[in-house]
Number of protein chains: 2
Amino acid sequence: MKNRIQKLTAIKNAKKVDAFLITSLASLKYLSGYFFYFEHGLSPFQLLPAALVVGVEQQASLVLADNETQQLAFIDPSISVKTYESYVYQKPIDHTTQFLLQLGEAFKQAGIKSGRLGVELNALPASLAFFLTAQYPAIELVDISAEIAHLRIIKDEDEIASIRRAANLSDIGQAAVLRLAKTGMSELELFNLVRREIEESVGTRVPLMADFVSGTATATGGGLPTSKIINDGDLILTDFTPCLNGYWGDSCSTIVMGTPTMEQRSVFNLVKEALEIGIHSIQPGVQAREVDFAMRQHLQAKGNFGHHGGHGVGVIYHEEPRITPYNTMALQPGMVIALEPAVYSADYGIRLEHLVAVTNDGCEVLTKFNHCFQQGI
Amino acid sequence: MKNRIQKLTAIKNAKKVDAFLITSLASLKYLSGYFFYFEHGLSPFQLLPAALVVGVEQQASLVLADNETQQLAFIDPSISVKTYESYVYQKPIDHTTQFLLQLGEAFKQAGIKSGRLGVELNALPASLAFFLTAQYPAIELVDISAEIAHLRIIKDEDEIASIRRAANLSDIGQAAVLRLAKTGMSELELFNLVRREIEESVGTRVPLMADFVSGTATATGGGLPTSKIINDGDLILTDFTPCLNGYWGDSCSTIVMGTPTMEQRSVFNLVKEALEIGIHSIQPGVQAREVDFAMRQHLQAKGNFGHHGGHGVGVIYHEEPRITPYNTMALQPGMVIALEPAVYSADYGIRLEHLVAVTNDGCEVLTKFNHCFQQGI
């Protein structure tokens, strides 16, 4: 885990802020290593998952609930951690009060008493905002959400390594679909077999967003797996977006059970070409919209697929650079991008996706599997 | 889905508020039916999952992202739904601005221009709070979080029916553990087989919080399943907390692989007795701490188990009434409570849990399985 706190200096200068209070899950992961395990929803024992305070001399402390100390393994050791009592059975605890006490300590240690404080207004609870304005009347809150999101677009080497590991989970999932899919199974049965392989490769549970549909449902582009039975001739569309310790992977494949129609075979090949064209169009300096255009143009004869050509991936599964017809953002080394061209017809859909990291002279494909349309071929 | 919005009248009177803006996931589910599917974390396309506006005449509208229209099936039809553009590929969208536009419409329709507005400050983003104070200077924000949490303690019939369905998923899980556990399997392998049975009973994915540990790890009380192999003589502790459309179930069981020691057998029986004692102690008017005391006293000879005797369950998996040594809250019909007495020794732990609904003359046990220590017996 590389310390990215010094990167805040750019925001300090641009927005003339003196210190920071970071509360979004994405920025907490990005700057401190802290990862909130979200599979169970929000915790009833916490005002918010954690808060990172960065002082005028970049002294950093993380305010953390005492039921989250297993997080200490992920947190940059240069960050001082302040835990607060979140729940005990012996007495009632107001976790909000306990949180605010430790936050006050962190502010004291960081030398924050006045000046402009960079915060993420969409991820800052109003209770906390009003506490700050009441307790520190000389502090002015400045929204730096957009600036932090902008920082995150270019990934560090260790981030690309984290994304590569998450991408590998996608690979494991796609290989398992191809190997394990059988007619007569339900989507949900196959999904559970595949997820098990992903989780066993890590050795514990893995949060996994997934489109996992078969038959005519592939025409809609996705959805959760259901008890629908997989039949001969069905297409199966599988889009795996796993999260490994806070970094996401992403890939999509579409396979056919048995033999495809001539048209399906030709559409599959066309989408695969579009994906390859997209990958080869990636170069530093190329605009995001040019990559989108290259793929979309190749699929033109089959209609517009009706969604983006891709998107950035990192501590959020969908961020800049958005690969869309309007986006003039120039690609740069260190960007990580999922490309996902598709063709949807009335009764089936084919979407193929790889995850790539932009390099100095093109890109590295982080998802290593090869898109196969038929089993055993 | 019963409309619970009229219950806000009590808060209106007690806190002298004129209208409400509801933004916590728990209250959104409770009042409107809206359930945010949290298994993938927060959405990058939304300021917040949804917002419920309740006007001076209790006119209600829900502001919802247009990528969540599948939620419409769950939302009370008397609530007017206002969707906003959250993401499209054709142009950049500022979803915060789009959200605020629809919120303004909802305020207009609800006749909210001034007066006291009931909000949940811990679940209200500061961006939204500052928008309100800037746009509606005659509105005063009043925190009603505690009052809504208090309302939720007594469940309606339809809520108990929802919790019963979620409790049934726990039953399916416990039965599957007893039937499928084999030595030589990893915890994770068994967990995946069990979760598959839970999900297949519903026909799609089910968010599931679970302690799922074996061997000496049972002494710690829980944790995620890992690649640890289940050995002969191991105990397996399985605490299933599934969420079905926003309502939670909860149960815990502990089984032994093969033959238990005499001591383990006797501790299992003791914990089972403690659970039965707890269940039989439940009556309207009994204080929460009396239930805790009854169970804790029965286990006294084995040391203090070091956590609560139980907790309320509903749209949050852990709420009032907390069954703790200090809690003087009197039980009432309609409360739903998980009881979970335990004994932890140096190298193993046994925890047994049932979920019950308080009735006029005792309680109904919502989890229907019988705690068995050994397979095939």
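Nothing here was measured: the structure is a model prediction, and the numbers come from that model. Within each chain, residues carry numbers counting from 1 in the order of the written sequence. Note on labels: chains are lettered from A, ligands numbered from 1, in written order. Only residues with pLDDT of 70 or above have their local features reported here, since the model is predicted, and side-chain atom pairs are shown and tallied only from 80 upward, although totals for entire chains, interfaces and linings are computed over all residues. The side-chain values count all of the structure's non-hydrogen atoms but skip hydrogen atoms and water molecules.

1. Comments concerning the overall build of chain A
Definition in use: By definition, any uninterrupted DSSP run of H or I lasting at least four residues is a helix, any uninterrupted run of E lasting at least two residues is a strand, and each is numbered from the N terminus. Radius of gyration means the value over C-alpha atoms here, while the globule rule gives 2.2 Å times the residue count to the 0.38 power. Accessibility here uses a 1.4 Å probe with only protein chains present; expressed as a share of the type maximum, an area under 20% marks a residue as buried, one over 50% as exposed, and anything in between as partly exposed. By definition, residues are in contact when any of their heavy atoms lie within 4.5 Å. Shrake-Rupley sampling with a 1.4 Å probe provides the accessible areas, and residues are treated as covered by the protein chains on show and by no other component. Counted as positive: Lys and Arg. Counted as negative: Asp and Glu. His and the chain ends are not counted at all. Here the site of a charge means atom NZ of a Lys, CZ of an Arg, CG of an Asp or CD of a Glu.
Secondary structure assignment for chain A yields 9 helices and 17 strands. The C-alpha radius of gyration computed for chain A amounts to 23 Å, which stays within 12% of the reference 21 Å derived for 377 residues, consistent with globular compactness. Its C-alpha atoms give chain A principal-axis dimensions of roughly 70 × 50 × 30 Å. Within chain A, the fraction of its 377 residues that count as buried is 59%. In chain A, once contacts between residues fewer than 6 apart in sequence are set aside, the share between residues at least 24 apart is 67%. About 13,600 Å² of surface is accessible on chain A, with carbon and sulfur atoms providing 53% of the total. Here chain A carries 30 positive and 40 negative side-chain charges, and the mean point of each set is 3 Å from the other.

2. Notes on helix H4 (residues 126–135) of chain A
Every buried residue of H4(A) is accounted for by A:Ala126, A:Ser127, A:Leu128, A:Ala129, A:Phe131 and A:Leu132. Contacts from the buried residues of H4(A) go to strand E1 (19–22), helix H3 (95–109), strand E5 (115–119) and strand E6 (139–143) of chain A together with helix H4 (126–135) of chain B.

3. Here we look at the packing of aromatic side chains
Stated precisely, the cut-off is as follows: Each pair of aromatic rings taken from Phe, Tyr and Trp, with Trp reduced to its six-membered ring, is defined by centres within 6.5 Å and is described as stacked if the planes are under 30 degrees apart, edge-to-face if over 60, and tilted in the remaining cases.
Applying the stated criterion across every chain yields a total of 19 aromatic pairs over all chains. Ring centres of A:Phe107 and A:Tyr136 lie 5.1 Å apart, and the angle between their planes is 40°; this geometry places the pair in the tilted category. Here A:Phe107 is found in helix H3, whereas its partner A:Tyr136 is found in the loop between H4 and E6, with 29 residues between them in sequence. When sorted by exposure, A:Phe107 lands in the same class as A:Tyr136, which is buried. On the basis of an interplanar angle of 75° and a centroid distance of 6.1 Å, the ring pair of A:Phe130 and B:Phe130 is categorised as edge-to-face. Residue A:Phe130 is located in helix H4, and its partner B:Phe130 is located in helix H4; the two belong to separate chains.

4. Structural notes on the packing of helix H8 (residues 262–281) of chain B against helix H9 (residues 288–298) of chain B
Residues and elements named next belong to chain B. Worth spelling out the cut-off: Simply put, an axis is a line fit to the C-alpha atoms, just over the touching stretch for a helix, and the angle between two N-to-C directions goes from 0 to 180 degrees. Any angle between 65 and 115 degrees counts as roughly perpendicular, while under 35 counts as roughly parallel, over 145 as roughly antiparallel, and the rest as oblique. Each crossing is labelled by how the near helix is turned from the far one, with a counterclockwise turn of less than a right angle marking it left-handed and a clockwise turn marking it right-handed.
Where H8 meets H9, the closest approach of the two axes is 8 Å, and the angle between their N-to-C directions is 160°. When the interaxial angle is binned, H8 and H9 end up roughly antiparallel. Relative to H9, H8 is oriented so that their crossing is right-handed. Where H8 abuts H9, its residues Leu270, Glu273, Ala274, Ile277, Gly278 and Ser281 lie against Val291, Ala294, Met295 and His298.

5. Thoughts on helix H2 (residues 25–32) of chain B
With 7 of its 8 residues buried, H2(B) lies for the most part within the structure. One or two steps after H2(B), the chain reaches B:Gly33, where phi turns positive at roughly 95°.

6. As for the UniProt feature "domain: Creatinase N-terminal" (unreviewed entry) in chain A
Worth spelling out the cut-off: UniProt positions are given in the numbering used here, feature names are shortened, and annotations may be inferred rather than shown by experiment.
Per the UniProt record, "domain: Creatinase N-terminal" (unreviewed entry) is annotated on residues 4–154 of chain A. Taken end to end, residues 4–154 of chain A has its terminal C-alpha atoms 12 Å apart, with 32% of it in helix and 20% in strand.

7. Comments concerning the relation of the copies chain A and chain B
Condition: Alignment of copies: least-squares fit on C-alpha atoms of residues with pLDDT of at least 70 in both copies.
By a simple turn and slide, chain A fits onto chain B: the slide is 0.0 Å along the axis, the RMSD is 0.0 Å, and the turn is 180°. Such a combination of rotation and displacement between the chain copies is what one expects of a two-fold axis. The overlap is high: 100% of the interface residues of chain A also sit at the interface in chain B, so the same surface is used on both sides.

8. Re unusual backbone geometry
When glycine is set aside, most residues are seen to have a negative phi, and most peptide bonds are trans. Between A:Glu320 and the following residue, A:Pro321, the backbone shows a cis peptide bond with an omega angle of 0°. When you line up the elements, A:Pro321 lands in strand E12 (residues 319–323). Of note, A:Gln58 is a non-glycine position whose phi angle comes to about 65°, a positive value. Unusually for a residue other than glycine, B:Lys16 sits at a positive phi of about 50°. Examined against the element boundaries, B:Lys16 turns out to sit in the loop between helix H1 (8–15) and strand E1 (19–22). Take B:Lys16: its relative accessible area is 61%, and that puts it in the exposed class.

9. Some points on the UniProt feature "domain: Peptidase M24" (unreviewed entry) in chain A
Taking the UniProt record as the reference, the feature "domain: Peptidase M24" (unreviewed entry) is found at residues 162–360 of chain A. Between the first and last C-alpha atoms of residues 162–360 of chain A the distance is 20 Å; the span itself is 33% helix and 25% strand.

10. Side note on the environment of B:Lys16
C-alpha separation for the pair B:Lys16 and B:Thr216, spaced 200 residues apart in sequence, amounts to 54 Å. In this structure, B:Lys16 is in contact with B:Ile11 and B:Arg116, ignoring residues within four places of it in sequence.

11. Details of the side chain of B:Ser127
On the secondary structure map, B:Ser127 appears in helix H4. When sequence neighbours within four positions are dropped, the list of residues in contact with B:Ser127 reads A:Leu121, A:Asn122 and B:Leu47.

12. Notes on the state of the cysteines
Two cysteines whose sulfur atoms are joined by a covalent bond form what is called a disulfide. Quick note on the threshold: Note on terminology: pairs of cysteine sulfur atoms within 2.5 Å are recorded as disulfides.
According to the stated counting rule, one finds 0 disulfides over all chains in the structure shown. With no disulfide of its own, A:Cys363 has A:Cys252 as its nearest cysteine by sulfur position, at a separation of 18 Å.

13. Structural notes on the sheet that holds strand E2 (residues 50–54) of chain A
Residues and elements named next belong to chain A. The criterion, for reference: One bridge is not enough; two strands pair if DSSP finds at least two bridges between them.
Taken in spatial order, the 6 strands make up an open sheet running E4-E3-E2-E1-E5-E6, and their pairing is mixed. One side of each edge strand has no neighbouring strand; the edge strands of this open sheet are strand E4 (80–84) and E6. In this sheet, neighbouring strand axes are inclined to one another by 25° on average, regardless of whether the strands run parallel or antiparallel. Examined bridge by bridge, strand E3 (residues 60–65) and E4 share 5 bridges and lie parallel to one another. If you follow alanine 65 over to E4, its bridge partner there is tyrosine 84. Sheet strands touched by H3: E1, E2, E3, E4, E5 and E6. Its angle to E4, the strand with the most contacts, is close to 155°.

14. Re the packing of helix H3 (residues 95–109) of chain B against H4(B)
Residues and elements named next belong to chain B. Between H3 and H4, the shortest axis-to-axis distance is 12 Å and the interhelical angle comes to 50°. Viewed along their axes, H3 and H4 adopt a mutual orientation that is oblique. Here the hand of the crossing between H3 and H4 comes out right-handed. Facing Phe99, Leu100, Leu103 and Phe107 of H3, the residues of H4 in contact are Leu128, Phe131 and Leu132.

15. Examining empty space enclosed by the protein
Left-over empty space is what a probe sized like a water molecule reveals as it rolls over the atoms. As a reminder, the rule being used: Using a 1 Å grid laid over the protein atoms alone, points where a 1.4 Å probe fits but cannot get out form a cavity; open sets with protein on both sides within 12 Å along at least 5 of 7 lines form a pocket; any residue with an atom within 4 Å of a point counts as lining. Grid points are joined across faces, edges and corners, and a volume is the space filled by probe spheres set on the points.
Overall, the coordinates contain 1 cavity of 30 Å³ or more when judged by the stated rule. Within this model, the largest cavity holds a volume of roughly 30 Å³. The wall of the largest cavity is formed by A:Asn192, A:Leu193, A:Arg196, B:Asn192, B:Leu193 and B:Arg196. Broken down by secondary-structure element, the contributors of at least two residues to the lining of the largest cavity are helix H7 (187–202) of chain A together with helix H7 (187–202) of chain B.

16. Section: the sheet that holds strand E6 (residues 139–143) of chain B
Two orientations exist for strands paired in a sheet by backbone hydrogen bonds: parallel and antiparallel. Residue and element names in this part refer to chain B. Here we have 6 strands laid out as an open sheet, ordered E4-E3-E2-E1-E5-E6, and mixed in their pairing. Looking along the sheet, the strands with just one partner apiece sit at the ends: strand E4 (80–84) and E6. Across this sheet, the average inter-strand angle for adjacent strands is 25°, counted without regard to direction. Where strand E5 (residues 115–119) and E6 come together, 5 bridges link them in parallel fashion. The partner of leucine 117 across the bridge, within E6, is leucine 141.

17. Quick look at the pairing of E3(A)
Residues and elements named next belong to chain A. Among the 6 residues of E3, 6 are classified as buried, and the element is accordingly described as predominantly covered. Because side chains alternate across E3, one face comprises the buried residues Ala60, Leu62 and Leu64, and the other comprises Ser61, Val63 and Ala65, equally buried. Strand direction decides the pairing type here: E2 and E3, joined by 5 bridges, are antiparallel. Counterpart to valine 53 in the pairing with E3 is serine 61. What sits between E2 and E3 in their antiparallel hairpin is a turn of 5 residues, with glutamine 58 showing a positive phi close to 65°.

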